[in-house]
Amino acid sequence: MKNRRIAIALGHDALGTTLPEQKKATRRAAKAIVDLVQDDCEIVITHSNGPQVGMIHTAMSEFHRLYQEYTATPMAVCSAMSQGYIGYDLQQAIRSELVGRGVYRTVSTILTQVTVDPYDDAFYHPTKIIGRVMDEAEAEAEEKKGNHVTPADGGFHRIVAAPTPIEIVELDAINALMDARQIVIAAGGGGIPVLQQGKSLKGASAVIEKDLIAGLLADGVNADRLIILTDVECVYRGYGTEKQEPLHMMSCAQAAQYIEDGEFGAGNMQPKIQTAIQFIGDSDTRSVLITRLDRIKEAILGQTGTVIRK
């Protein structure tokens with residue numbers, strides 16, 4: 001793994017849910033990341049933000065409900081806030097691990113915007129639940145603002161779109177920092193979705209799938225390998241059945257066939273496999289490793305995990 005450019009996608013398990021859990025989880029993630037740094041790899045990290053952005057949105061919505069004089073917080077701002085505080089914890093954890101090992105590398109978090117198409121079909125069919133449970137009156141008020149709601153848990157939830165990411169706005173800055181041998185945390189939570197409006201960028205009421213942005217980021221920095229850290233040790237055929245079978249190596253063609261055969265869950269593993277196929281493309285040198293954070297050392301040595309190549 002020496003002298004390679006690596007993109008790492010940290011899933012929910014690598015971050016925890018509550019603030020104390022996140023502190024502990026980022027320290028565990030930092031150990032695995034610094035192992036790669038000590039192999040002289042250039043590292044860019046993206047991460048999930050599901051529980052965190054929901055917590056922020058709920059808190060800010062409740063604050064606005066109690067204090068009407070304060071403006072409601074747009075979804076894009078909640079996404080930016082989640083990038084900031086998750087990036088802060090990751091920076092602290094990675095820096096501490098570096099200092100503890102006597103390694104000098106700077107760690108930077110880039111507040112990252114990602115353009116999306118205003119005519120993306122996802123805006124007409126929002127599916128992502130966000131925030132707290134609302135009563136009927138609150139749900140009607142949300143709809144009057146132009147927001148979407150859906151029945152859930154004896155009340156209503158707000159739902160937002162998950163459009164396809166087009167371009168990472170700060171990609172040049174990310175590459176410049178990586179070229180300067182900095183460890184970079186970027187496009188957290190899928191990035192802040194924005195719409196191009198003339199010379200300006202306007203925050204969109206949406207979220208971006210984390211797997212999609214991981215592939216786009218890895219491609220944008222021309223990574224040699226994308227490491228996707230999730231909640232399973234490796235990819236399986238027939239996951240959760242009596243015929244469950246680990247898949248430690250796959251070609252892109254085999255992976256595509258497994259998708260066609262319905263082997264992977266549409267809402268969990270399938271997007272990761274699709275991202276892997278898209279990132280690798282026609283490259284003979286790119287690869288994707290899928291495993292669990294606490295098994296990353298063994299996975300890099302080929303003892304577990306799933307590696308996908310052309």
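Check the entry above for the structure.
Residues numbered from 1 in each chain as written. Predicted model: local features only at pLDDT ≥ 70, side-chain atom pairs only at ≥ 80, totals over all residues. Heavy atoms only, no water.

1. Structural notes on the packing of helix 6 (residues 210–220) against helix 8 (residues 269–280)
Where helix 6 contacts helix 8, the axes come no closer than 9 Å and their chain directions differ by 20°. As summarised for this structure, helix 6 and helix 8 are arranged roughly parallel, according to the angle between their axes. As for how helix 6 packs across helix 8, the hand of that crossing is right-handed. Together, D211, L212, G215, A218 and D219 of helix 6 and P271, K272, T275 and F279 of helix 8 make up the contact between the two elements. (Axes fitted to C-alpha atoms, helices over the stretch in contact; angles between N-to-C directions. Helix = DSSP H or I, 4+ residues; strand = E, 2+ residues; numbered from the N terminus. Parallel < 35°, antiparallel > 145°, perpendicular 65-115°, else oblique. Left-handed = near helix turned anticlockwise from the far one by under 90°. Contact = heavy atoms within 4.5 Å.)

2. Thoughts on the nonpolar core
V44, I174, M250, F264, I273, V288 and I308 are the most contacted members of the largest nonpolar core, which has 47 residues in total. Among all residues touching I174, those that are not within four sequence positions of it are V44, I110, T112, I168, V184, A186, L217 and V221. Judged by nonpolar contacts, the second largest core, of 30 residues, contains I33, C41, L90 and I227. (Core = buried A, V, L, I, M, F, W, Y, C linked by side-chain atoms within 4.5 Å. Buried < 20%, exposed > 50% of the residue type's maximum accessible area, 1.4 Å probe, protein only.)

3. What about the pattern of salt bridges?
Opposite charge on two side chains lets them pair, provided their charged atoms get close. This model, assessed by the stated rule, comprises 19 salt bridges. One salt bridge in this structure joins K128 and E209, with 2.8 Å as the shortest N-O distance. Of this pair, K128 sits in strand 5 (residues 128–134) while E209 sits in the loop between strand 11 (200–203) and helix 6, and the two are 81 residues apart along the sequence. Under the relative-accessibility criterion, K128 is labelled partly exposed at 30%. (Salt bridge = Lys/Arg side-chain N within 4 Å of Asp/Glu carboxyl O.)

4. Some words on the sheet that holds strand 10 (residues 192–197)
Spatial ordering of the open sheet is given by 8-4-10-11, a layout of 4 strands whose pairing is mixed. The outermost strands of the open sheet, each flanked by one partner alone, are strand 8 (165–168) and strand 11. Across this sheet, the average inter-strand angle for adjacent strands is 45°, counted without regard to direction. Here 4 bridges tie strand 10 to strand 11, and the two strands are oriented antiparallel to one another. By the bridge assignment, V194 is partnered in strand 11 with G203. Contacting strand 4 (113–116) and strand 8, helix 6 crosses the sheet at an angle of about 40° to strand 8. (Pairing = 2+ DSSP bridges.)

5. Observations concerning helix 2 (residues 50–66)
Here helix 2 contains 17 residues, and its C-alpha end-to-end distance of 25 Å stays within 8% of the 24 Å for a straight helix at 1.5 Å per residue. For helix 2, the complete set of buried residues consists of Q52, V53, G54, I56, H57 and H64. Against helix 1 (19–38), helix 3 (75–100), strand 5 and strand 7 (155–160) lie the buried residues of helix 2. (Expected span 1.5 Å × (residues − 1).)

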